[in-house]
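Architecture at a glance
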Amino acid sequence: QVQLVESGGGLVQPGGSLRLSCAASGIIFSMNVMGWYRQAPGKQRELVATISSSGSTNYADSVKGRFTISRDNAKNTVNLQMNSLKPDDTAVYYCNLKDTWDVSNWNTYWGQGTQVTVSS
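All residue numbers refer to positions counted from 1 along the written sequence of the respective chain. The model is predicted, so local features are restricted to residues of pLDDT at least 70 and side-chain atom pairs to those at 80 or more, both for listing and for counting; the totals for chains, interfaces and linings are taken over all residues. Side-chain numbers here rest on the full set of heavy atoms in the structure, without hydrogens or water.

**Observations concerning the side chain of R66**
We apply this condition: Counting from the N terminus, the helices are the DSSP runs of H or I reaching at least four residues and the strands are the DSSP runs of E reaching at least two. With a 1.4 Å probe rolled over the protein chains alone, any residue whose accessible area is under 20% of its type maximum counts as buried; one over 50% counts as exposed, and the rest are partly exposed. Contacts are assigned to residue pairs that have any heavy atoms within 4.5 Å of one another.
Among the secondary structure elements, R66 is positioned in the loop between β6 (57–59) and β7 (67–72). According to the relative accessible area criterion, R66 is buried, its value standing at 11%. With residues up to four places along the chain from it excluded, the contact list for R66 reads Q81, M82, N83, S84, L85, K86 and D89.

**Quick notes on unusual backbone geometry**
Phi is positive for N76, which is not a glycine, with a value near 55 degrees. Turning to its location among the elements, N76 is positioned in the loop between β7 and β8 (77–82). Exposure remark for N76: the relative accessible area of 31% places this residue in the partly exposed category.

**Here's the deal with the pattern of salt bridges**
Short version of the rule: What makes a salt bridge here is a side-chain nitrogen of Lys or Arg within 4 Å of a carboxyl oxygen of Asp or Glu, nothing more.
In the structure shown here, the tally under the stated rule is 4 salt bridges. When the shortest N-O distance is used, the salt bridge between D89 and R38 registers 3.0 Å. Taken together, the positions of D89 in the loop between β8 and β9 (91–100) and R38 in strand β4 (residues 31–39) put the pair 51 residues apart, joining distant regions of the chain. Taken individually, D89 and R38 each receive the classification buried, so the pair is uniform in this respect. Of the charged contacts in the structure, one is a salt bridge between R66 and D89, with a shortest N-O distance of 2.8 Å. With R66 in the loop between β6 and β7 and D89 in the loop between β8 and β9, the pair connects residues that are 23 residues apart, well separated along the chain.

**Structural notes on the environment of Q44**
Mapped onto the secondary structure, Q44 falls in the loop between β4 and β5 (46–52). With sequence-adjacent residues up to four places away left out, Q44 is seen in contact with R38 and Q39.

**Side note on the layout of surface pockets**
The following threshold applies: Residues are called lining when one of their atoms sits within 4 Å of a cavity or pocket point, these points coming from a 1 Å grid over the protein atoms alone, where a cavity is a set in which a 1.4 Å probe fits but cannot get out and a pocket is an open set with protein on both sides within 12 Å along at least five of seven lines. Grid points are joined across faces, edges and corners, and a volume is the space filled by probe spheres set on the points.
Of the pockets and cavities examined, the largest pocket occupies roughly 200 Å³. Lining of the largest pocket is provided by 13 residues; of these, R38, A40, K43, E46 and D88 occupy positions nearest its centre.

**Description of the pairing of β8**
Successive residues of a regular strand alternate their side chains across the two faces of the sheet. What counts is decided by this rule: Whether two strands pair comes down to DSSP finding at least two bridges between them.
Of all 6 residues in β8, 5 are buried; the element is thus mostly enclosed. As defined by bridge partners, strand β3 (residues 18–26) adjoins β8 across 6 bridges and the pair is classed as antiparallel. Each bridged residue has a counterpart across the sheet, and for A23 the counterpart in β8 is T77. Sheet topology note: the β7/β8 ladder contains 6 bridges and is antiparallel. Looking at β8, one finds that D72 is bridged to T77. If you look at the hairpin formed by β7 and β8, you'll find 4 residues sitting between the two strands, and N76 has a positive phi there, around 55 degrees.

Right under this line is the structure:
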């Protein structure tokens, strides 16, 4: 089994910063993609950022230039540095892992979520 545990959420003022972390445990195949998704009240879950085991990154247009995703393969962790936060960033943030052994079949795992609230 694979488990993902997020941490680092909280309440910040507009323009502030937060750093989210996600720790993965269990058997994880070497070819994988880890990322962050978020869901605001009444809205669909959306992609925030992803990073592959090779280091390739992908960001939603709404967070480009403000958020930075990184990972530590040795520790099986992924981080999201969030700067210049806006009220629209308020959401529950979920850690995600997708991995594969044969490239044709992918597994998907989710963390429990951590609340990020940006408000004056």
